[in-house]
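# A closer look at the structure
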Amino acid sequence: MLQNNRFFRLTTGIVMLLLIIYLGTKVSFIFSPIVSLVSLLIVPLMLSFFFYYLLRPIVDMMERRKIKRPISILLIYLVIAMLLFIFSWGVWPTLRDQVTNLFENAPKLIKSLVDQLSQWRHNQSLRQVLPPGEDPLSRLSDTLNEALSALSDYSVKLVSFVSYFFIVLATFPILLYYMLKEGSKFSPKMLNFFPKKYHKDALEVMEDIDSALSSFIVSRVLINVALGVMMFLGFLMIGLPYALLLAVISIFLNFIPYVGAVAASIPVLIIGFLESPSMALWSLVVVIAAQQIQDNWLSPIVFGKQLDIHPLTVVILLLVGGDLLGILGIILVIPLYMCAKIVIRKVYHLFLERRVEDIME
């Protein structure tokens, strides 16, 4: 019978799925509240997952020492509150002053940089080095002027950002508490979505994904904090302005593999160049030295073989993620790729490996 043909059933399933998706686009107003809710909760959920993998080893260790999970979580929250108090007392005033000073002086700094570039553009020695008909310094000046106007536009959106920040601040600790408290029950509950004969394989996949995400997040945090500390100390040694702010920016940007290191270097070089060309050169030396220590000494020790992804694959993934979801896609694309890779390997092993071997024979 045609209905019993496997290809016919597969084709019918694909057609039905596409039909459901098409009909869904015609009644998108039904799903718009769900989309709004998801977009509102995506950042708190991301933060919760991030800190869940960071704090779970501590909670598990405390549970092994006969301390109940709810009490362990509350004790960790208390320690975090104390650390935040120390941060707000000892670090935040300096960081706040540097951020305020940078925003207040941004127009003057950009104008000063544009003036320096304009002088360089008329330098005969430099014009001989540049290709004929090319004027990259002029294009860079135009880009900086556009950045100045964009900065004023973003300042208008500051109020909406602050309100969203308080929403995140209110929901994120609650989500994190329940994830840490009930996290061990996620995998058994997820097994209900799979046929019983595949429970063992599904559990292995979930454990592999959990282990990969945990190792990736914890290792990335350790590496980036170490890099930020090295940069901060180096910036202090050479007397670079906004040393703490630039180190903090570098920590966050370096969560993006490969591309983040380049992006973190740009503001450092700009601030250094505003001081003097020699300061820009020394700033570049500090950045390169810190990144070389990270790549050649720290990363092999902390990561090992955990991030087994080719650099070209990473760049392609970042481009695709950025094009689809912007900064959110850039942040999520590598962990999602790691999870998809584990799932595809397992599916291939279960359903396709033997058939491919039979065909090859």
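Everything numeric in this text was worked out from a predicted model, so none of it was measured. (Residues numbered from 1 in each chain as written. Predicted model: local features only at pLDDT ≥ 70, side-chain atom pairs only at ≥ 80, totals over all residues. Heavy atoms only, no water.)

### Regarding the overall build of the chain
Each helix and strand counted, the chain has 14 helices and zero strands in total. Ordering the α and β elements of the chain from the N terminus gives α-α-α-α-α-α-α-α-α-α-α-α-α-α. Only carbon and sulfur atoms are counted for the fraction: they give 72% of the accessible area of the chain, which is about 24,400 Å². (Helix = DSSP H or I, 4+ residues; strand = E, 2+ residues; numbered from the N terminus. Areas by Shrake-Rupley, 256 points an atom, 1.4 Å probe, with all protein chains shown as cover.)

### Concerning the side chain of D201
If you trace the backbone, D201 turns up in helix α9 (residues 199–238). Apart from the residues within four sequence positions on either side, D201 is in contact with K346 and L350. (Contact = heavy atoms within 4.5 Å.)

### Some details on the packing of aromatic side chains
Applying the stated rule across the entire model yields five aromatic pairs. Pairing F50 with F51 gives two aromatic rings, centres 5.3 Å apart and planes at 85°, and the pair type is edge-to-face. Accessibility expressed as a relative area gives 29% for F51, which makes it partly exposed. Centre to centre, the rings of Y177 and Y178 are 5.3 Å apart; their planes meet at 90°, and the pair counts as edge-to-face. Aromatic rings pair up to connect F50, F51, F172 and F255 into one cluster. (Phe/Tyr/Trp six-rings, centres within 6.5 Å; stacked < 30°, edge-to-face > 60°. Buried < 20%, exposed > 50% of the residue type's maximum accessible area, 1.4 Å probe, protein only.)

### Quick word on the nonpolar core
Y52, L176, L180, I209, L318 and I334 are the most contacted members of the largest nonpolar core, which has 28 residues in total. Sorting the residues of this core by element identifies α2 (28–64), α3 (69–90), α7 (158–182), α9, α13 (311–325) and α14 (327–360) as the ones contributing at least two each. Considering every element that reaches this core, the biggest residue donor is α7, with six residues. The next biggest cluster of nonpolar side chains, apart from the first, holds 17 residues, and it includes L240, L274, V287 and A290. (Core = buried A, V, L, I, M, F, W, Y, C linked by side-chain atoms within 4.5 Å.)

### So, the pattern of salt bridges
Pairing between side chains of opposite charge can happen when their charged atoms approach one another. Tallied over the entire structure, the rule returns seven salt bridges. Residue K346 pairs with D201 through a salt bridge whose shortest N-O separation is 3.6 Å. Taken together, the residues span a long stretch of sequence, with K346 in helix α14 and D201 in helix α9 at a distance of 145 residues. Among the residues examined, K346 registers a relative accessible area of 18% and is labelled buried. Connected through shared salt-bridge partners, D60, E63 and R69 make up one network. (Salt bridge = Lys/Arg side-chain N within 4 Å of Asp/Glu carboxyl O.)

### Things to note about the environment of L41
Structurally, L41 can be placed in helix α2. Separated by 130 residues in the primary sequence, L41 and T171 have C-alpha atoms spaced 8.4 Å apart.

### Side note on the confidence of the model for the chain
Of all residues in the chain, 71% attain a pLDDT of 70 or more, and the chain-wide mean is 76. For the chain, helix α5 (residues 124–129) is the element with the lowest average pLDDT, namely 51, and α3 is the one with the highest, namely 89. (pLDDT = per-residue confidence, 0-100.)

### Here we look at the packing of α9 against helix α10 (residues 243–253)
Packed helix pairs are characterised by how far apart their axes lie and by the angle those axes make with each other. Viewed as axis vectors pointing N to C, α9 and α10 meet at an angle of 155°, and their least axial separation amounts to 8 Å. In this view, α9 runs roughly antiparallel relative to α10, as classed from their interaxial angle. The crossing of α9 and α10 is right-handed. Residues N224, V225, G228, M231, F232, F235 and L236 of α9 form the contact with α10, whose participating residues are A243, L244, L246, A247, S250 and I251. (Axes fitted to C-alpha atoms, helices over the stretch in contact; angles between N-to-C directions. Parallel < 35°, antiparallel > 145°, perpendicular 65-115°, else oblique. Left-handed = near helix turned anticlockwise from the far one by under 90°.)

### A look at α3
An α-helix turns once every 3.6 residues. As a result, residues three or four positions apart point the same way. For α3, built from 22 residues, the straight-helix expectation of 32 Å at 1.5 Å per residue is met to within 8% by its first-to-last C-alpha distance of 31 Å. For α3, the full list of buried residues reads R69, S72, I73 and I76. For α3, the arc enclosing every buried residue in end-on projection is 95°, short of the 170-degree limit, so these residues lie on one face. Turned more than 90 degrees away from the buried face of α3 sit L74, M82, F85 and W89, all of them exposed. (Expected span 1.5 Å × (residues − 1). Arc of directions from axis to C-beta.)

### What about a nonpolar patch on the surface?
A contiguous nonpolar patch, built from L269, L281, W282, L284, V285 and I288 and spanning about 530 Å² of accessible area, is present on the exposed surface. A per-element tally of the nonpolar patch places helix α12 (residues 277–302) first, with five residues. According to the relative accessible area criterion, L284 is partly exposed, its value standing at 32%. (Patch = residues over 30% accessible without salt bridge, like charges linked within 9 Å, V, L, I, M, F, W, Y side chains within 5 Å.)

### Quick word on the environment of A280
Looking at where A280 falls in the secondary structure, it is placed in helix α12. Using a relative accessible area of 11% as the deciding quantity, one classes A280 as buried. Along the primary structure A280 and L269 are separated by eleven residues, whereas in three dimensions their C-alpha atoms are 5.3 Å apart. If near-sequence neighbours (up to four positions away) are discounted, A280 is found in contact with L269, G272 and F273.

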